[in-house]
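Architecture and fold: a report
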Amino acid sequence: MNASGWDERSRDLGLLFLRVSGGLFLLWVHGLPKLLNYTEQLQQIEDPFHLGANLTLILAIFAEVLCPLLIVAGVLVRLACLPILVVLLVALVIVHPQWSLFEGQFGWLLLIVFTSILIAGPGRLALNHRFAGVLRYA
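Residues numbered from 1 in each chain as written. Predicted model: local features only at pLDDT ≥ 70, side-chain atom pairs only at ≥ 80, totals over all residues. Heavy atoms only, no water.

The next point concerns the overall build of the protein. Helix and strand counts for the protein come out as five helices and zero strands. Along the protein, helices and strands appear, N-terminal first, in the series α-α-α-α-α. Summarising its shape, the C-alpha atoms of the protein cover approximately 55 × 30 × 25 Å along the three principal directions. The buried share among the 138 residues of the protein stands at 33%. (Helix = DSSP H or I, 4+ residues; strand = E, 2+ residues; numbered from the N terminus. Buried < 20%, exposed > 50% of the residue type's maximum accessible area, 1.4 Å probe, protein only.)

Given below as structure tokens:
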């Protein structure tokens, strides 16, 4: 294999690692606790747009459970990044504007990870790669 082929393979492996590690991390640390402790989370969740705790929690679960699973699988990866980025920005800018960079570092790092995935796409080691047309790049 020539150098160009190795570069492409390395890039695809790097994107796979970024997708899987970032997606599973978000799912494990934020998504599953919200899903498994739904009633407890209803009492704790912030509701900055006054949509109601139930709808706000459902939207957070969508962004922190379903979207990471899509990203890990490599399905509609760029679209799945958008709700995650919205939730992260709302948490960092609207819900917790008083947080220092130190206090919000986990959120900012996740923002960097999922923005990178949004920009770079899923790579060739994703189910998206098997889709035709526009879905291939979604």
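What follows picks up the thread again.
Counting across every chain of the model gives four salt bridges. Of the charged contacts in the structure, one is a salt bridge between Arg 124 and Glu 8, with a shortest N-O distance of 3.5 Å. With Arg 124 in the segment after α5 (105-120) and Glu 8 in helix α1 (residues 3-36), this pair connects stretches of sequence that are 116 residues apart. Taking relative accessible area as the criterion, Arg 124 reaches 38% and is therefore assigned partly exposed. On the accessibility criterion, Glu 8 (31% relative accessible area) is partly exposed. Between Glu 64 and Lys 34 there is a salt bridge, with its nearest N and O atoms 2.9 Å apart. One end of the pair, Glu 64, is in helix α3 (residues 53-73); the other, Lys 34, is in helix α1, with 30 residues separating them in the sequence. Judged by relative accessible area, Glu 64 falls into the buried class, the value being 8%. Look at Lys 34 and you get buried, because its relative accessible area is 13%. Through salt bridges that share partners, Glu 8, Arg 11, Asp 12 and Arg 124 make up one connected network. (Salt bridge = Lys/Arg side-chain N within 4 Å of Asp/Glu carboxyl O.)

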